[in-house]
Amino acid sequence: MPAPGLRIERLPITHPDAMLLVEAVQEEYVARYGGRDESPVDPHDFEDPLGQFFVGYLDGTPVATGAWRRSSVRALGAEVTAEVKRMYVVPAAQRRGLARRMLAHLEATAAEAGVEALVLETGMKQPEAISLYLSSGYEPIPGFGHYCGSELSRCFGRRIHDPRSL
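What you see is a predicted model, and the numbers here were worked out from it, not measured in a lab.

Basis of the calculations
Residues numbered from 1 in each chain as written. Predicted model: local features only at pLDDT ≥ 70, side-chain atom pairs only at ≥ 80, totals over all residues. Heavy atoms only, no water. Helix = DSSP H or I, 4+ residues; strand = E, 2+ residues; numbered from the N terminus. Rg over C-alpha atoms; globule rule 2.2 N^0.38 Å. Buried < 20%, exposed > 50% of the residue type's maximum accessible area, 1.4 Å probe, protein only. Contact = heavy atoms within 4.5 Å. Areas by Shrake-Rupley, 256 points an atom, 1.4 Å probe, with all protein chains shown as cover. Lys, Arg positive; Asp, Glu negative; His and termini not counted. Charge placed at Lys NZ, Arg CZ, Asp CG, Glu CD. Arc of directions from axis to C-beta. Salt bridge = Lys/Arg side-chain N within 4 Å of Asp/Glu carboxyl O.

1. Overview of the overall build of the protein
Right, on to step 1. The number of helices and strands found in the protein is three helices and seven strands.
Right, on to step 2. The helix and strand sequence of the protein, counted from the amino end, reads β-α-β-β-β-α-β-α-β-β.
Right, on to step 3. Computed over the C-alpha atoms, the radius of gyration of the protein is 15 Å, within 12% of the 15 Å expected from 2.2 N^0.38 for a compact globule of 166 residues.
Right, on to step 4. With respect to the principal axes defined by its C-alpha atoms, the protein has extents near 40 × 35 × 35 Å.
Right, on to step 5. Taking all 166 residues of the protein together, the buried fraction comes to 44%.
Right, on to step 6. Contacts spanning at least 24 positions in sequence make up 66% of the contacts within the protein whose residues lie at least 6 apart.
Right, on to step 7. Taken as a whole, the protein presents about 8,600 Å² of accessible surface, with 55% of it coming from carbon and sulfur.
Right, on to step 8. Here the protein contributes 18 positively and 22 negatively charged side chains, and the mean placements of these two sets differ by 4 Å.

2. Looking at unusual backbone geometry
Right, on to step 1. Here the residue pair D48 and P49 is connected by a cis peptide bond, since its omega of 0° sits within 30 degrees of zero.
Right, on to step 2. Along the polypeptide, P49 turns up in the loop between α1 (16–33) and β2 (51–58).
Right, on to step 3. At D59, a position not held by glycine, the phi torsion is positive, near 50°.
Right, on to step 4. Following the sequence through the fold, D59 ends up in the loop between β2 and β3 (61–71).
Right, on to step 5. According to the relative accessible area criterion, D59 is exposed, its value standing at 80%.
Right, on to step 6. The backbone of L76 sits at a positive phi, close to 55°, despite the residue not being glycine.
Right, on to step 7. Topologically, L76 is positioned in the loop between β3 and β4 (81–89).
Right, on to step 8. Exposure remark for L76: the relative accessible area of 30% places this residue in the partly exposed category.

3. Re helix α3 (residues 127–135)
Right, on to step 1. Turning to α3, its buried residues are A129, I130, L132 and Y133. Considered in projection along α3, the buried side chains sweep an arc of 160° and stay on one side of the axis.
Right, on to step 2. Phi for G137, located one or two positions after α3, is positive at around 95°.

4. Examining the pattern of salt bridges
Right, on to step 1. Under the counting rule described, the total for this entry stands at twelve salt bridges.
Right, on to step 2. Two residues, E23 and R36, come together in a salt bridge whose shortest N-O distance is 3.0 Å. A residue pair is termed long-range when its members are at least 10 positions apart, and E23 in helix α1 and R36 in the loop between α1 and β2 qualify at 13 residues.
Right, on to step 3. Here E83 makes a salt bridge to R69, at a shortest N to O gap of 3.2 Å. Of the two residues, E83 is situated in strand β4 and R69 in strand β3; the sequence distance between them amounts to 14 residues. Across the pair, R69 and E83 agree in class, each one buried.
Right, on to step 4. Each member of the salt-bridge network shares a partner with another, and the members are D45, R69, E83 and K85.

Put into structure tokens, the structure is as follows:
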């Protein structure tokens, strides 16, 4: 089902609405994994030209986040990649297509910034996230980053822009 009425706004990760949702996703990690996500995140990673952070609103209420930051990971033959971070939809707004809309928005804005492929890491205890990424054309890639080698970690990537096609 499409997500009518979703308004996606670019904000700093330090904006109160962004911070509220980032804390909510951290609480989700505690519930699923027993601890917070400890991968390093610098707020400057989500400012131009390094990346972008977005909050999705329904009827003025912040219900979703998504972000990308430039990455040194090489995947799927792409030289210019960015990592998806902080994909989250509050439980009350789940199963409405909001995550899919946010992911498409991340792909579009990253492609506009010259990114050729998006990469991401998620966990085995997030089967709905894995399903979203696989059904959106993402494919498994070798592990990278903070959780590289973790039994609970799964990494995916997707080509979003091919500069040779211009």
